[in-house]
Amino acid sequence: MAEKIIIVPDRRTAAPAIPTPLELATGRVTDQLARPLHDLRISITDRCNFRCVYCMPKEVFDKDYNYLPHSSLLTFEEITRIARLFIAHGVEKIRLTGGEPLLRKNIEKLIGMLSALKTNSGKPLDLTLTTNAALLARKAQSLRDAGLQRVTVSLDALDDAIFKQMNDVDFAVDDVLKGIDIAHQVGLGPIKINMVVKGGMNDQQILPMARHFKNTPYILRFIEYMDVGASNGWNLDEVIPSSEVVRRIAAELPLEAVAANYTGETATRYRYVDGSGEIGLISSVSHAFCGDCTRARLSTEGKLYTCLFAHSGHDLRALLRKGHSDAELSTFVAHLWRARGDRYSELRTINTSGIDKDRKKVEMSYIGG
Ligand code: SAM
Ligand code: SF4
Ligand code: SF4
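None of the values given here were measured: they were computed from a predicted structure.

Conventions we followed
Residues numbered from 1 in each chain as written. Chains lettered and ligands numbered in written order. Predicted model: local features only at pLDDT ≥ 70, side-chain atom pairs only at ≥ 80, totals over all residues. Heavy atoms only, no water. Near = heavy atom within 4 Å. Nonpolar A, V, L, I, M, F, W, Y, C, P; charged D, E, K, R; others polar. Phe/Tyr/Trp six-rings, centres within 6.5 Å; stacked < 30°, edge-to-face > 60°. Helix = DSSP H or I, 4+ residues; strand = E, 2+ residues; numbered from the N terminus. Buried < 20%, exposed > 50% of the residue type's maximum accessible area, 1.4 Å probe, protein only. Core = buried A, V, L, I, M, F, W, Y, C linked by side-chain atoms within 4.5 Å. Contact = heavy atoms within 4.5 Å. Polar contact = N/O pair within 3.5 Å; in protein donor to acceptor, adjacent residues only side chain to side chain. Areas by Shrake-Rupley, 256 points an atom, 1.4 Å probe, with all protein chains shown as cover.

Overview of the site of ligand 2
Near ligand 2 you find C48, F50, C52, C55, M56, G99 and N132, and these make up its full shell. Considered class by class, the residues forming the shell around ligand 2 number five nonpolar, two polar and no charged.

Some words on the packing of aromatic side chains
Counted by the stated rule, this structure contains six aromatic pairs. Both rings, one in F50 and one in F171, keep their centres 5.1 Å apart while their planes meet at 45 degrees; by these two values the pair is tilted. Remark: F171 occurs in the loop between α4 (160–167) and α5 (173–185) and F50 occurs in the loop between β1 (39–43) and α1 (76–88); sequence separation between them is 121 residues. Each of the two residues, F50 as well as F171, counts as buried. For the pair F61 and Y65, a centre-to-centre distance of 4.5 Å together with 40 degrees between the ring planes defines the contact as tilted. For F61, a relative accessible area of 2% corresponds to the buried category. Here the aromatic cluster, defined as three or more aromatic residues joined through ring pairs, consists of F50, F163 and F171.

Points about the nonpolar core
By size, the foremost hydrophobic cluster in this structure holds 113 residues, and its most contacted members are F86, I193, F222 and I249. A total of seven residues in this core trace back to one element, the largest contributor, which is α1. If near-sequence neighbours (up to four positions away) are discounted, I249 is found in contact with I206, L207, A210, F222, L255, Y272 and I279.

Things to note about the side chain of R95
Tracing the backbone through its elements, the reader meets R95 in strand β2 (residues 93–97). Among all residues touching R95, those that are not within four sequence positions of it are L40, R41, I42, T128, L129, T130 and T152.

Focus: the site of ligand 1
Of all residues adjacent to ligand 1, which total 20 residues, the nearest are G99, T130, S154, V196 and M226. Within the side chain of Y54, an N or O atom sits 3.2 Å from an oxygen atom of ligand 1. At a separation of 2.9 Å, a nitrogen atom of ligand 1 approaches a polar backbone atom of M226. Taking 550 Å² as the accessible area of ligand 1 by itself, protein coverage stands at 94%. Where the shell around ligand 1 is concerned, the elements lending two or more residues are β3 (126–131), β5 (192–197) and β6 (219–224). Looking at the shell around ligand 1, its residues break down into eight nonpolar, ten polar and two charged.

The following block contains the structure:
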């Protein structure tokens, strides 16, 4: 019988020390590699209604899995307070994720609170959300009404049998497509569609997906299967490099490269030569983009991670619940970001056999994608 791994999130609540002297946020803070703090991804639940084999495999995330109790989750007020502090340091973009963010009760209320925040230059925050779309058809209008600007939808195959094999809960492709169309109709666009490509599992779906989303308002992005977390049994042989994805598509549908929209854009862009749209490639394994990584991540229980592959986070919730002031929290965040030197994917690329294989990493469903 295969050995069962039970992953128990770290629930310590000892508050980290606040550095002194206290300082005011200046609107810009840079790390050891001169990368500014620009984006914040917030995981609002560690639960999900899918069991994607590369993210929350059933053998690990079963009925005995120890999910966080409600009292451990950051409240909407706590999330909004943290968001405001990060904005003062220069964050302009916030993405809600999970787990499946649409499972968080009253998410519309949180969106309403976040969408009322303004960036330092007085512009509305770029507020978006990544979802598996299972609840999107039902919720799109209320999310839009609450102030959400855009959604990114994950869809790994067009073939129902392959998609069901990947989500492992028998969820049908048509229901995702319906959710995407309704989200588009209510104005949650431009919508990006993320497809994680796992070799031998759904790579035969690269072309059908490309054909389907060509000539639509949606931008399909192919994501290299990553070695996040500790439960998906990642293997480099199952990664299809983006160059191969482009080669396969271009053999039937000619493509040309497009310049990045902005520095730090995670996806490399290509457009169809016949003018019928574009695709994106997220090459975190074959072509690491740490040099431009301006993202911080906040886990469901309020731990701050400066890298997707970090093995430990910094307990902002403990600081909040201990009653620290905004100035103290802001100083803590500034010091943390200034000390940041993470570049896990670049180091992995240097040694593609996978660095430090035994190192404990956090799960994607806990920290968000
Ligand atoms: N449940 C939502 C969803 O699936 O869109 C949001 C959370 S999910 C963790 C965010 C993104 O991470 C999804 O697009 C998912 O496909 C991607 N993801 C999860 N595990 C991954 C892995 N091992 N490699 C690459 N992408 C992964
Ligand atoms: Fe759930 Fe998203 Fe992970 Fe799939 S990728 S199991 S939908 S959190
Ligand atoms: Fe950013 Fe870490 Fe990913 Fe590099 S490995 S791009 S530093 S999250």
